[in-house]
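Letter by letter, the chains look like this.
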Amino acid sequence: MTNNPLRNIPSVNELLDKPSLKQLVDKVSHNVVVSEVRSFLDNLRSDVQQKTSEMRVPTASELADKIAQWIVSDQRPRLRPVINATGVLLHTGLGRSPLAEEALQEALAVASGYSSLEVDLESGERSQRNQSVERLLIELTSGEAAFVVNNNAGATLLTLAALAGGKEVVVSRGHLVEIGGSYRLPDVMEASGARLREVGTTNKTRLSDYERAVGEMTGALLRVHPSNYVIRGFTEQASLAELIELGQRVDVPVIDDIGSGALTDLAPLGLTDEPMARDSLRAGADVVLFSGDKLLGGPQCGIAVGKRKYIERLMKHPLARALRVDKLTLAALHATLKLYRDPAQAMARVPLLALASTSLENLTNRAQRLAPQLEACAAIASAEVIEDTACLGGGSVPTQELPTRCIALRPVDGSVNQLAQALRTGQHAVFGRIQQDRLLLDLRTVFPKQDAELIEAVQALSR
Ligand SMILES: *Cc1c(COP(=O)(O)O)cnc(C)c1O
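Heads up: these notes are all about the structure in this document.

**Digging into the overall build of the protein chain**
Here comes step 1: Check the secondary structure of the protein chain and you find 19 helices and 17 strands.
Here comes step 2: When its C-alpha atoms are laid out on the principal axes, the protein chain stretches across 90 × 50 × 50 Å.
Here comes step 3: Buried residues in the protein chain amount to 49% of all 463 residues.
Here comes step 4: Restricting to contacts in the protein chain with at least 6 residues of sequence separation, those with at least 24 account for 75%.
Here comes step 5: Split by element, the accessible area of the protein chain, about 22600 Å² in all, is 48% carbon and sulfur.

Now the structure itself:
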């Protein structure tokens, strides 16, 4: 008669009596622990049934410890802070732009109670939730009106639906962009109910191409900033001024999707190709679209600024309600925009701009201080300061890079990929970039206050 291993599996109550799980009942909750123990035991039973003969069932204490570990790691949020040492400033996977302290405070203030989201404090009457940020957006971009929605994809969808639904939108073939996995302009266009009218070729689109396409059916002319690619060589693209002149001549709005939406001139940082909403609007664009969490450095949102008659059509469209932003976003955006009233202040207080404008001298000093401490860690064979280039990423300025300093790590044993994984899954969740069989920690995207955490993270690997 063979011994049935299923009989050796302890009961739920037996496990709950073990110290490691008993402790957790107080910390987590009785229900959570019991349901986790049950599902662990179910899995174990089916494992045992599949490989009956040779499997040793762990003791009750071993099992309790294992389940306790599992519960603890399951309690940690999946969405949690990480250290971005990739050198990609606008990393969509890592949440794009970090928020300014001012933005956090303003969001916190309206988050924990009621707020004047849609009431006018003077009159007590109902008001538009966008009004608080609209005034600042008008001031900073010199548009006539502004509207904020969930993201730039949403702003594009709403604008096309409201201004050109059922009509044609004329776009250059060189502007049919894909930004990261799920944003493709032709798909957004289709969803909006507007019809795409492609003109020109990938590398050349002249004003005459647009002129031939406009007619009765035209709802808008759309220009899109190619945020994550450049077309070089034998190229030509009708200028914004030419499109605006054509738009006025045939009386259709010109929509300019500038992508990143820098609100201050970034040329001093060496980033010279970023279009600014203000320039577009002053040139006469009717609606300018951009993201809130790219170069603006605010919360995720999409901003439409432009002529009042067009922005009002966006506001009245049914999609406006579906795409509207909440009070937290509005509060964070308002506080971020306020910083831009003084460009020097924005450069210092908007985290993204602070990182981008950190001097090389600062990065070099920190790298030289960190390298020997990292090399002293048991898991690290060598840590060398190297010169390299960081980039904005996140669909921005592929051709424009920022000088940076990195610490190049080689592991004592195991591969560089294993080192990278251990750091990602470790205490501080550090993300670096692998280059020539070394793991680079790029200080361009690491906040100085995180330097100590970098050391801790690498030290923890050795234990
Ligand atoms: C990033 C980008 C988008 C999409 O913006 P989201 O805010 O991510 O929705 C659209 N158009 C351009 C040109 C972009 O660069």
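**With respect to the sheet that holds strand E10 (residues 254–259)**
Here comes step 1: Ordered by their spatial adjacency, seven strands build an open sheet running E2-E12-E11-E10-E8-E3-E6, and the pairing between neighbours is mixed. Because the sheet does not close on itself, it has two edges, and the strands there are strand E2 (145–149) and strand E6 (195–199). Averaged over all adjacent pairs, the angle separating strand axes in this sheet is 25°, with direction ignored.
Here comes step 2: Sheet analysis places strand E11 (residues 287–291) next to strand E12 (residues 302–306), joined by five bridges and oriented antiparallel. When the sheet's bridge partners are listed, serine 291 is paired in E12 with glycine 302.

**Let's talk about the environment of isoleucine 83**
Here comes step 1: With respect to the helices and strands, the residue isoleucine 83 is situated in strand E1 (residues 83–84).
Here comes step 2: Each C-alpha atom, one on isoleucine 83 and one on glutamate 453, is 8.6 Å from the other, the two residues being 370 residues apart in sequence.
Here comes step 3: When residues no more than four places from it in sequence are discounted, the contact partners of isoleucine 83 are His428, Ala429, Val430, Phe431, Val446, Gln450, Glu453 and Leu454.

**Concerning the nonpolar core**
Here comes step 1: Within the largest apolar cluster, 55 residues are counted, with the highest numbers of intra-cluster contacts made by Ile303 and Leu337.
Here comes step 2: Formed jointly, this core draws a minimum of three residues from each of two domains, domain 2 (82–92 + 356–462) and domain 3 (100–349).
Here comes step 3: Excluding anything up to four places from it in sequence, leucine 337 contacts Val133, Leu136, Leu137, Leu140, Leu263 and Leu296.
Here comes step 4: Grouped together as the second largest cluster of nonpolar side chains are 31 residues, Leu157, Leu163, Tyr183 and Val287 included.

**Observations concerning the layout of surface pockets**
Here comes step 1: Estimated volume of the largest pocket: approximately 920 Å³.
Here comes step 2: Considering the residues around the largest pocket, the lining is formed by 31 residues, among which Pro98, Leu99, Pro351, Phe447 and Gln450 are closest to the centre.
Here comes step 3: Of all the elements in the fold, those that place two or more residues in the lining of the largest pocket are E1, helix H5 (101–111), helix H15 (343–349) and helix H16 (351–356).
Here comes step 4: A breakdown of the residues in the lining of the largest pocket according to their chemical character gives 17 nonpolar, seven polar and seven charged.

**Points about the site of the ligand**
Here comes step 1: Inspection of the region around the ligand gives 14 residues, with Ala153, Ser227, Asp257, Ser291 and Lys294 positioned closest.
Here comes step 2: A distance of 2.9 Å is found between an oxygen atom of the ligand and a backbone nitrogen or oxygen belonging to asparagine 152.
Here comes step 3: Burial of the ligand by the surrounding chains reaches 95%, relative to a free accessible area of 390 Å².
Here comes step 4: Classifying every residue of the shell around the ligand by side-chain character gives four nonpolar, seven polar and three charged.

Calculation criteria
Residues numbered from 1 in each chain as written. Predicted model: local features only at pLDDT ≥ 70, side-chain atom pairs only at ≥ 80, totals over all residues. Heavy atoms only, no water. Helix = DSSP H or I, 4+ residues; strand = E, 2+ residues; numbered from the N terminus. Buried < 20%, exposed > 50% of the residue type's maximum accessible area, 1.4 Å probe, protein only. Contact = heavy atoms within 4.5 Å. Areas by Shrake-Rupley, 256 points an atom, 1.4 Å probe, with all protein chains shown as cover. Pairing = 2+ DSSP bridges. Axes fitted to C-alpha atoms, helices over the stretch in contact; angles between N-to-C directions. Core = buried A, V, L, I, M, F, W, Y, C linked by side-chain atoms within 4.5 Å. Domains from an automatic or database assignment. 1 Å grid on protein atoms, 1.4 Å probe; cavity = no way out; pocket = protein on both sides within 12 Å on 5 of 7 lines; lining within 4 Å. Points joined across faces, edges and corners; volume = space filled by probe spheres on them. Nonpolar A, V, L, I, M, F, W, Y, C, P; charged D, E, K, R; others polar. Near = heavy atom within 4 Å. Polar contact = N/O pair within 3.5 Å; in protein donor to acceptor, adjacent residues only side chain to side chain.

Purely geometric numbers; function is a separate question.
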